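Structural characterization, general
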Amino acid sequence: MYARDNVANASDLQQRLPGGQVEAATEMLRMLADPTRLRLMWLLSDGEHDVTSLVAAVGMARPAVSQHLGKLRLAGLVSVRREGRRALYRARGGHVRRLVTEVLHAASHRVTGAPEHD
(Lines give C-alpha, C1' and ligand atoms only; values in the text may rest on other atoms or scores of the structure.)
Protein backbone atom coordinates (compact mmCIF):
# COMPACT_ATOMS: atom_id res chain seq x y z
CA MET A 1 0.00 0.00 0.00
CA TYR A 2 1.33 3.42 -0.96
CA ALA A 3 0.79 6.70 0.86
CA ARG A 4 -0.70 8.19 -2.28
CA ASP A 5 -3.52 5.62 -2.08
CA ASN A 6 -4.83 7.37 1.04
CA VAL A 7 -4.61 10.88 -0.35
CA ALA A 8 -7.51 12.34 -2.28
CA ASN A 9 -6.54 14.13 -5.45
CA ALA A 10 -7.39 17.79 -5.97
CA SER A 11 -10.43 17.13 -8.14
CA ASP A 12 -11.92 14.82 -5.46
CA LEU A 13 -11.56 17.52 -2.82
CA GLN A 14 -12.97 20.23 -5.05
CA GLN A 15 -16.05 18.15 -5.86
CA ARG A 16 -17.01 18.01 -2.20
CA LEU A 17 -17.84 21.72 -2.10
CA PRO A 18 -21.10 22.94 -3.63
CA GLY A 19 -20.76 25.07 -6.75
CA GLY A 20 -19.85 28.67 -6.11
CA GLN A 21 -18.94 28.17 -2.46
CA VAL A 22 -15.18 28.52 -2.95
CA GLU A 23 -15.65 31.58 -5.16
CA ALA A 24 -17.95 33.24 -2.62
CA ALA A 25 -15.54 32.48 0.23
CA THR A 26 -12.63 33.83 -1.79
CA GLU A 27 -14.50 37.07 -2.45
CA MET A 28 -15.35 37.43 1.25
CA LEU A 29 -11.74 36.88 2.27
CA ARG A 30 -10.56 39.31 -0.41
CA MET A 31 -12.77 41.98 1.12
CA LEU A 32 -11.35 41.29 4.58
CA ALA A 33 -7.77 41.56 3.27
CA ASP A 34 -7.96 45.36 3.31
CA PRO A 35 -6.86 46.91 6.65
CA THR A 36 -9.62 49.54 6.68
CA ARG A 37 -12.34 47.02 5.90
CA LEU A 38 -11.03 44.64 8.55
CA ARG A 39 -11.09 47.47 11.12
CA LEU A 40 -14.65 48.30 10.11
CA MET A 41 -15.66 44.65 10.39
CA TRP A 42 -14.13 44.45 13.87
CA LEU A 43 -16.27 47.40 14.95
CA LEU A 44 -19.38 46.03 13.22
CA SER A 45 -18.90 42.62 14.84
CA ASP A 46 -19.68 44.25 18.16
CA GLY A 47 -23.03 45.71 17.05
CA GLU A 48 -24.69 48.32 14.92
CA HIS A 49 -22.96 51.57 13.96
CA ASP A 50 -23.83 54.45 11.70
CA VAL A 51 -21.38 55.96 9.23
CA THR A 52 -20.64 58.94 11.48
CA SER A 53 -19.45 56.76 14.37
CA LEU A 54 -17.42 54.57 12.00
CA VAL A 55 -15.75 57.64 10.47
CA ALA A 56 -14.74 58.80 13.96
CA ALA A 57 -13.49 55.34 14.93
CA VAL A 58 -11.30 54.69 11.88
CA GLY A 59 -10.26 58.31 11.27
CA MET A 60 -11.06 58.38 7.57
CA ALA A 61 -13.18 60.60 5.36
CA ARG A 62 -16.88 59.82 5.18
CA PRO A 63 -16.87 59.03 1.43
CA ALA A 64 -14.04 56.49 1.90
CA VAL A 65 -15.85 54.75 4.76
CA SER A 66 -19.08 54.67 2.74
CA GLN A 67 -17.24 53.09 -0.21
CA HIS A 68 -15.74 50.40 2.02
CA LEU A 69 -19.14 49.68 3.56
CA GLY A 70 -20.65 49.36 0.10
CA LYS A 71 -18.04 46.78 -0.90
CA LEU A 72 -18.54 44.84 2.33
CA ARG A 73 -22.27 44.87 1.77
CA LEU A 74 -21.95 43.62 -1.81
CA ALA A 75 -19.70 40.81 -0.57
CA GLY A 76 -22.39 39.75 1.92
CA LEU A 77 -20.34 40.61 4.99
CA VAL A 78 -22.42 43.56 6.20
CA SER A 79 -26.13 44.17 6.55
CA VAL A 80 -27.79 47.55 6.79
CA ARG A 81 -30.95 48.65 8.55
CA ARG A 82 -32.64 52.02 8.14
CA GLU A 83 -33.75 53.98 11.16
CA GLY A 84 -35.31 57.16 9.84
CA ARG A 85 -32.61 58.85 7.78
CA ARG A 86 -29.78 56.92 9.43
CA ALA A 87 -28.33 53.72 8.05
CA LEU A 88 -27.13 51.31 10.71
CA TYR A 89 -24.54 48.73 9.68
CA ARG A 90 -23.55 45.50 11.37
CA ALA A 91 -21.61 42.35 10.55
CA ARG A 92 -23.94 39.88 8.86
CA GLY A 93 -24.46 36.79 11.00
CA GLY A 94 -22.51 34.75 13.48
CA HIS A 95 -20.26 33.09 10.91
CA VAL A 96 -18.96 36.46 9.72
CA ARG A 97 -18.51 37.78 13.26
CA ARG A 98 -16.62 34.63 14.28
CA LEU A 99 -14.45 34.77 11.15
CA VAL A 100 -13.38 38.34 11.92
CA THR A 101 -12.79 37.55 15.60
CA GLU A 102 -10.79 34.40 14.88
CA VAL A 103 -8.55 35.95 12.25
CA LEU A 104 -7.72 38.87 14.55
CA HIS A 105 -7.04 36.51 17.47
CA ALA A 106 -4.78 34.40 15.23
CA ALA A 107 -2.95 37.57 14.19
CA SER A 108 -2.54 38.52 17.84
CA HIS A 109 -0.84 35.18 18.53
CA ARG A 110 1.48 35.75 15.60
CA VAL A 111 2.38 39.32 16.64
CA THR A 112 2.82 38.62 20.36
CA GLY A 113 4.34 35.16 20.04
CA ALA A 114 1.67 33.70 22.31
CA PRO A 115 1.38 29.93 21.90
CA GLU A 116 -1.34 28.56 19.63
CA HIS A 117 -4.25 26.66 21.13
CA ASP A 118 -7.30 24.74 19.91
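Presented here is a report on the structure given in the accompanying data block. (Residues numbered from 1 in each chain as written. Predicted model: local features only at pLDDT ≥ 70, side-chain atom pairs only at ≥ 80, totals over all residues. Heavy atoms only, no water.)

**Quick look at the packing of helix α3 (residues 35–44) against helix α5 (residues 62–74)**
- Running from N to C, α3 and α5 point in directions that differ by 75°, and their axes come no closer than 10 Å. Relative to α5, the element α3 is oriented roughly perpendicular. Each of Thr36, Arg37, Leu40, Met41 and Leu44 in α3 lies in contact with α5, whose residues at this interface are Val65, His68, Leu69, Lys71 and Leu72.
- In terms of residue class, the contact of α3 with α5 is built from six nonpolar, two polar and two charged. (Axes fitted to C-alpha atoms, helices over the stretch in contact; angles between N-to-C directions. Helix = DSSP H or I, 4+ residues; strand = E, 2+ residues; numbered from the N terminus. Parallel < 35°, antiparallel > 145°, perpendicular 65-115°, else oblique. Contact = heavy atoms within 4.5 Å. Nonpolar A, V, L, I, M, F, W, Y, C, P; charged D, E, K, R; others polar.)

**Observations concerning the pattern of salt bridges**
- A complete count under the given rule lists five salt bridges for this structure.
- Residues Glu27 and Arg30 are paired through a salt bridge, measuring 2.6 Å at the closest nitrogen-oxygen approach. Highlighted residues: Glu27 and Arg30, both in helix α2 (residues 21–32), separated by three residues, approximately one helical turn.
- Residue Arg30 is classed as partly exposed on the basis of its relative accessible area of 48%.
- Glu83 is paired through a salt bridge with Arg86; the nearest N and O atoms lie 3.6 Å apart.
- Given a relative accessible area of 40%, Glu83 falls into the partly exposed group.
- Given a relative accessible area of 39%, Arg86 falls into the partly exposed group. (Salt bridge = Lys/Arg side-chain N within 4 Å of Asp/Glu carboxyl O. Buried < 20%, exposed > 50% of the residue type's maximum accessible area, 1.4 Å probe, protein only.)

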